[in-house]
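In case you want the letters, here they are:
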Amino acid sequence: MIQPLRGMKDIAFEDAKKFNYIIDCAKDIVKNYGYEYIETPKLEETALFKRSVGEETDIVTKEMYNFLDKSDRDVCLRPEGTAGVVRFFISNKLDRVGGKYKFYYAGSMFRYERPQKGRLREFHQFGCESFGERSVYEDYSVIEMVDKILKKLKVNTTLEINSLGCSECMPTYREKLITFLESKSDKLCEDCNKRIKTNPMRVLDCKNPNCQNELKESPKITDNLCDSCSSDFNKLQKLLDENGIEYIVNKNLVRGLDYYNKTAFEFVSNELGAQGTVAGGGRYDKLVEMLDGKPTSAIGFGMGIERLMELVEPKVSDNESYYFGALDKEYVDLLLNIANKFRDSKKVTLEYRARKQHAHLKAASKIEATYCVIIGEDEFEKKSVWVKNLNTQEQELIEIDKFIDITK
Ligand code: ATP
Ligand code: MG
């Protein structure tokens, strides 16, 4: 028996309902902020991710699903959604046209990670990318949007924010940090030691509690911001305060991808154990340029659908549904004809076999239909159907013409 690959999952039945419910909720909200749907390929040149996500990140060094295709091209299943949208933005010359563009996407991402709760090898993200808006009001709006989605889904999270600075203040801070980290190198884990040289900011994000303890005294980026980054970060906090969005400043928050600057944020649930981040994002003003486009400000977020599925208790009430059954096979054509009309607006399950009334009722309950609709000789002669509401147990004989009126 063939099973799905390790870390990959089928999504069906109740899970599928939750999955769609989450994506529908998110879509409904981001559309009101002007975001439009985009679909980009799941397979891209590996170079795209090396150059955007960053050569020294976990994603690129350990987690990429890359391989040579039949023409020896180095290709990769996308590990995240931003790079593809940015590639689209540049290859369609939107960076040259200028202006503001907002896109949202939903789809599979692939990372070769150790599968565990909340960590899959194929998972799904809903995400948004906003191009051409450098105002900190946009940083606020993106956070507000994610907050709205999570509130609508009734998911409790803590918002953590930080500023990573910009090309003016971050490099000076980076040097200070390296000096500090080198002084602690014998106390930090092996991974951290490797990162001191390659990606010192990521050391701040080490999950090892010993390392976190050592890092308490580290220089903080928020104490080293330039005037513009500092005033933006203050404004962001003011906007969050004024609009009643609770947050904490996590001075060690850096993101797993290299392209972020200024605002970085995560929404973290305490109900998911170690894999608690349900959404993360931030500003990435340098990425368009890094991928050979004209400098363009940008900000976005990605949200993990599977992690949200663990937290969401949707009352996914399917719309009213009908079960149609005939007591004799000569009435099935008539039911098919009625079902055709109903299916313009209602969900109908039609049983093609003639069966006894009790068998139809049992089948209708099994599929949790709202109504069981039956036609037999008596009903046929009266040009009617027998309809039972399976929730209230009420039953009545309804003329077929009137019954069809329900759909109008
Ligand atoms: P983590 O620290 O949990 O590894 P990350 O920083 O790698 O997360 P991002 O790249 O920011 O995650 O992806 C955005 C969101 O996608 C995460 O907040 C999470 O909800 C989800 N996500 C990331 N990796 C996985 C995975 N392997 N399986 C399921 N969901 C994931
Ligand atoms: Mg990760």
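Thresholds applied
Residues numbered from 1 in each chain as written. Chains lettered and ligands numbered in written order. Predicted model: local features only at pLDDT ≥ 70, side-chain atom pairs only at ≥ 80, totals over all residues. Heavy atoms only, no water. Helix = DSSP H or I, 4+ residues; strand = E, 2+ residues; numbered from the N terminus. Rg over C-alpha atoms; globule rule 2.2 N^0.38 Å. Contact = heavy atoms within 4.5 Å. Lys, Arg positive; Asp, Glu negative; His and termini not counted. Charge placed at Lys NZ, Arg CZ, Asp CG, Glu CD. Phe/Tyr/Trp six-rings, centres within 6.5 Å; stacked < 30°, edge-to-face > 60°. Buried < 20%, exposed > 50% of the residue type's maximum accessible area, 1.4 Å probe, protein only. Lys NZ or Arg CZ within 6 Å of the ring centre and 35° of its normal. Near = heavy atom within 4 Å. Polar contact = N/O pair within 3.5 Å; in protein donor to acceptor, adjacent residues only side chain to side chain. Areas by Shrake-Rupley, 256 points an atom, 1.4 Å probe, with all protein chains shown as cover. Nonpolar A, V, L, I, M, F, W, Y, C, P; charged D, E, K, R; others polar. Core = buried A, V, L, I, M, F, W, Y, C linked by side-chain atoms within 4.5 Å. Patch = residues over 30% accessible without salt bridge, like charges linked within 9 Å, V, L, I, M, F, W, Y side chains within 5 Å. Salt bridge = Lys/Arg side-chain N within 4 Å of Asp/Glu carboxyl O. Pairing = 2+ DSSP bridges. Axes fitted to C-alpha atoms, helices over the stretch in contact; angles between N-to-C directions. Parallel < 35°, antiparallel > 145°, perpendicular 65-115°, else oblique. Left-handed = near helix turned anticlockwise from the far one by under 90°.

## Topic: the overall build of the protein
In terms of regular secondary structure, the protein is built from 17 helices and 16 strands. Taken over the C-alpha trace, the protein has a radius of gyration of 27 Å; the compact-globule value for 408 residues is 22 Å, which it surpasses by more than 25%. Viewed in the frame of its principal axes, the protein has a C-alpha envelope of about 90 × 50 × 45 Å. Nonlocal contacts in the protein, meaning residues at least 24 apart in sequence, comprise 70% of its contacts between residues at least 6 apart. One finds the centroid of the 64 positive side-chain charges in the protein at a distance of 1 Å from the centroid of its 68 negative side-chain charges.

## Details of the packing of aromatic side chains
Tallied over the entire structure, the rule returns 21 aromatic pairs. An angle of 55° between the planes, with centres 4.9 Å apart, marks the rings of Tyr259 and Tyr260 as tilted. The same class applies to Tyr259 as to Tyr260, namely buried. Pairwise contacts between aromatic rings join Phe88, Phe89, Tyr101, Phe103, Phe131, Tyr259, Tyr260 and Tyr284 into one cluster. Here the basic side chain of Arg121 rests over the ring of Tyr112, its NZ or CZ set 3.8 Å away from the ring centre.

## Digging into the site of ligand 1
Residues in contact with ligand 1 amount to 15 residues; listed here are only the nearest, Arg111, Glu113, Arg119, Arg255 and Thr277. One nitrogen or oxygen atom from the side chain of Arg307 is found 3.0 Å from an oxygen atom belonging to ligand 1. Protein chains shield 90% of the accessible area of ligand 1, which is 590 Å² for the free molecule. Contributions of two or more residues to the shell around ligand 1 are made by β6 (122–131), β10 (277–283) and β11 (298–304). In terms of residue count, the dominant contributor to the shell around ligand 1 is β10 (3 residues). In the shell around ligand 1, the residues fall into 5 nonpolar, 5 polar and 5 charged.

## Some remarks on the nonpolar core
Ranked by internal contacts, the top residues of the largest apolar core, which has 95 residues, are Phe126 and Phe301. Examining the composition of this core, we find that 8 residues originate from one element, helix α6 (residues 136–152), more than from any other. Excluding residues within four positions of it along the chain, Phe301 makes contact with Tyr105, Phe126, Gly127, Cys128, Glu129, Val142, Met145, Val146, Ile149, Phe265, Gly280 and Gly281. Counting residues in each nonpolar core, the second largest holds 20 residues, with Ile338, Ala339, Tyr371 and Ile375 among its members.

## Describing the environment of Ala264
Along the chain, the position of Ala264 falls in strand β9 (residues 261–268). We classify Ala264 as buried; its relative accessible area is 0%. In this structure the C-alpha to C-alpha distance between Ala264 and Leu225, which are 39 residues apart in sequence, comes to 14 Å. Among all residues touching Ala264, those that are not within four sequence positions of it are Glu160, Ile161, Asn162, Leu164, Leu253, Arg255, Gly281 and Gly282.

## Things to note about a negative patch on the surface
Together, Asp328, Glu330, Glu377, Asp378 and Glu381 make up a region of like negative charge exposed at the surface. With respect to the element layout, Glu377 can be found in helix α16 (residues 377–381).

## What to know about the sheet that holds strand β14 (residues 371–375)
Pairing between sheet strands relies on hydrogen bonds along the backbone, with the strands arranged either parallel or antiparallel. Across the sheet, 5 strands lie side by side as β13-β12-β14-β15-β16; this open sheet has mixed pairing. Across the chains shown, the open sheet's two edge strands, defined by having one partner strand only, are β13 (347–350) and β16 (395–399). Each neighbouring strand pair of the sheet contributes to a mean axis angle of 25°, computed without reference to strand direction. Relative to strand β15 (residues 384–389), β14 runs antiparallel, the two sharing 4 bridges. Opposite Val373, over in β15, you have Val387 as the bridge partner. Along the sheet, helix α14 (residues 332–342) contacts β12 (321–326), β13, β14 and β15; its crossing angle with β12, the most-contacted strand, is approximately 165°.

## Structural notes on the pairing of β10
Across the 7 residues that make up β10, a large majority, 6, are buried. Pairing of β10 with β11, which is carried by 5 bridges, proceeds in the antiparallel orientation. Within the sheet, the bridge partner assigned to Gly281 lies in β11 and is Phe301.

## Regarding the packing of α6 against helix α11 (residues 227–242)
For any two helices packed against each other, the geometry comes down to the angle between their axes and how far apart the axes lie. Axis separation between α6 and α11 bottoms out at 9 Å; the angle between their running directions is 40°. By the angle between their directions, the pair α6 and α11 is classed as oblique. For the crossing formed where α6 meets α11, the hand is right-handed. Across the interface between the two elements, Val136, Tyr137, Asp139, Tyr140 and Ile143 from α6 touch Asp232, Lys235, Leu236, Leu239 and Leu240 from α11.

## Details of the packing of helix α1 (residues 13–31) against α6
Relative orientation of the contacting elements α1 and α6 amounts to 140°, with a least axis distance of 9 Å. Taken together, the axes of α1 and α6 are oblique relative to one another. Once α1 is placed against α6, the crossing between them reads as right-handed. Across the interface between the two elements, Tyr21, Cys25, Ala26, Asp28, Ile29 and Val30 from α1 touch Met145, Lys148, Ile149 and Lys152 from α6. A per-class count over the contact of α1 with α6 returns 7 nonpolar, no polar and 3 charged.

## A word on the side chain of Glu44
Within the secondary structure, Glu44 sits in strand β2 (residues 43–45). Assessed through its relative accessible area of 9%, Glu44 is described here as buried. Those residues in contact with Glu44 that sit more than four places away from it in its chain are Phe49, Val75, Cys76, Gly84 and Arg87.

## So, the sheet that holds β2
Here we have 3 strands laid out as an open sheet, ordered β2-β4-β3, and antiparallel in their pairing. Each edge of the open sheet carries a strand with a single partner, namely β2 and β3 (65–68). Strand after strand, the sheet turns through a mean of 35° between neighbouring axes, direction not considered. Direction of pairing for β2 relative to strand β4 (residues 74–77): antiparallel, over a ladder of 3 bridges. Along β4, the bridge assignment pairs Leu43 with Leu77. Packed onto the sheet, helix α2 (residues 46–53) meets β2, β3 and β4 and runs at close to 75° relative to β2.

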